[in-house]
Amino acid sequence: NTAPTVLNYPFSVGIWINLAAGKSVPSVIWSLSNVATSTDYFELRMTAASTFMMVTRESGNVEQQVQIGPANTAPVSKWHFLLARFIASNNRRGASILHTGVVTAGSSTANRIPAGLNVMMMGAVSTSLGLFDNLTSAPWNGQIAEWWIANSDAYPSANKNPDQNF
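Values in this document were obtained by computation on a predicted structure and should not be read as measured data.

Asker: Before we move on, can you summarise the overall build of the protein with the specific residues and values?
Answerer: Scanning the protein for helices and strands turns up zero helices and 11 strands. Beginning at the N terminus, the succession of helices and strands in the protein can be written as β-β-β-β-β-β-β-β-β-β-β. Looking at the protein as a whole, 51% of its 166 residues are labelled buried. Put simply, of all contacts in the protein between residues at least 6 apart along the chain, 64% involve residues at least 24 apart. For the protein, the exposed area adds up to about 7100 Å²; of that, 52% sits on carbon and sulfur atoms.

Asker: Describe the nonpolar core, naming the residues involved and giving the relevant values.
Answerer: For soluble globular proteins, the rule of thumb is that nonpolar side chains tend to be buried together. Counting residues in each nonpolar core, the largest one holds 24 residues, and the members touching the most others are Ile17, Ile29, Trp30, Phe42, Leu44, Phe52 and Phe86. The leading source of residues in this core is strand 1 (residues 11-18), at four residues. Ranked by size, the runner-up nonpolar core spans five residues in total, among them Val28, Tyr41, Met53 and Val125.

Asker: Kindly report on the sheet that holds strand 11 (residues 143-150), identifying the contributing residues and their values.
Answerer: The five strands lie next to each other as 8-7-6-1-11, forming an open sheet whose pairing is antiparallel. Either end of the sheet is taken by a strand with one partner, and the two such strands are strand 8 (103-108) and strand 11. Strand-to-strand twist in this sheet, taken as the mean axis angle between neighbours without regard to direction, amounts to 10°. Bridge count for strand 6 (residues 79-88) against strand 7 (residues 91-97) is seven bridges, and the pairing is antiparallel.

Asker: Please give an account of the pattern of salt bridges that cites residues and values.
Answerer: Note on pairing: side chains with opposite charge can pair once their charged atoms come close. The final tally for this structure, using the stated rule, is three salt bridges. Note that Glu43 is salt-bridged to Arg45, the shortest N-O span being 2.6 Å. Each member of the pair, Glu43 as well as Arg45, carries the same accessibility label: buried. Among the ionic pairs, Glu63 bridges to Arg45, the shortest N-O distance being 2.8 Å. Here the residue Glu63 occupies a position in the loop between strand 4 (52-57) and strand 5 (64-67), and Arg45 occupies one in strand 3 (residues 41-46), the gap between them amounting to 18 residues. On the accessibility criterion, Arg45 (7% relative accessible area) is buried. Sharing partners across several salt bridges, the network here consists of Glu43, Arg45 and Glu63.

Asker: Tell me about the environment of Ala158, and please be specific about residues and values.
Answerer: Relative to the helices and strands, Ala158 is located in the segment after strand 11. With residues near it in sequence (within four places) discarded, Ala158 still touches Arg85, Ile87, Asn91, Arg93 and Asp153.

Asker: Describe the packing of aromatic side chains, and please don't skip the residues or the numbers.
Answerer: Going through the model one piece at a time under the given rule, you end up with seven aromatic pairs. Summarising the aromatic geometry, the rings of Trp16 and Phe81 are spaced 5.2 Å apart at their centres and angled 50° between planes, so their arrangement reads as tilted. Taken together, the residues span a long stretch of sequence, with Trp16 in strand 1 and Phe81 in strand 6 at a distance of 65 residues. Joined through ring pairs, the aromatic side chains of Tyr9, Phe11, Trp30, Phe42 and Phe86 make up one cluster.

Asker: Talk me through unusual backbone geometry; I want residue IDs and the actual numbers.
Answerer: Not every positive phi belongs to a glycine, and Ser77 is a case in point at roughly 60°. In this structure, Ser77 sits in the loop between strand 5 and strand 6.

Quick notes on the rules
Residues numbered from 1 in each chain as written. Predicted model: local features only at pLDDT ≥ 70, side-chain atom pairs only at ≥ 80, totals over all residues. Heavy atoms only, no water. Helix = DSSP H or I, 4+ residues; strand = E, 2+ residues; numbered from the N terminus. Buried < 20%, exposed > 50% of the residue type's maximum accessible area, 1.4 Å probe, protein only. Contact = heavy atoms within 4.5 Å. Areas by Shrake-Rupley, 256 points an atom, 1.4 Å probe, with all protein chains shown as cover. Core = buried A, V, L, I, M, F, W, Y, C linked by side-chain atoms within 4.5 Å. Pairing = 2+ DSSP bridges. Axes fitted to C-alpha atoms, helices over the stretch in contact; angles between N-to-C directions. Salt bridge = Lys/Arg side-chain N within 4 Å of Asp/Glu carboxyl O. Phe/Tyr/Trp six-rings, centres within 6.5 Å; stacked < 30°, edge-to-face > 60°.

As C-alpha cells, this is what we get:
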C-alpha cells in the first residue's frame, strides 16, 4: 500500500503471528517506511534469537530497538500476539502475549521521528536499498491470522505497559 492511512504519532499496530520452523535470520513482520531513504522506518521484527522487537529509525540516528518478547523463547508453530504502540516520538511501548499467556513488555523514550513514510508492508520493509532493511533481514515466513492498525494509542494509559489483562 503506497498510501498508508497512518503517517505520524500516535498509532498502534496489533498482530497475531505463528512462527515458522527453521527461522534463523532476522525477519520483518510489519513495516511503515520511506522508500527514498534507508534510514526512516517503523518495524515489528523477529530477531535471529526468536525475540520480538519494535524498531524505529530516523535519518541521522541509529535504530532504536525495544524488546517486546522474552529472549530466545518464542516457540514455533504457536500463535502469539504483538501490540506496538507508537504514542509519541519519545514514548513507544510494546508487548507480546505468548501462546502460554505470558506477557512481556518494553518501552523506549529515545526521541525518533522518521520522515517521509510512504509504504506499509506485511512481511518485509522497503527502503532505498531495496525490499529488505539493509539486507540484514529476510521476509517473514510465518503465518499472520489477523492484524490491525489504529491512529491512536490502543491502550488506556500512555505511560503504562500492558499487563496480563490486556
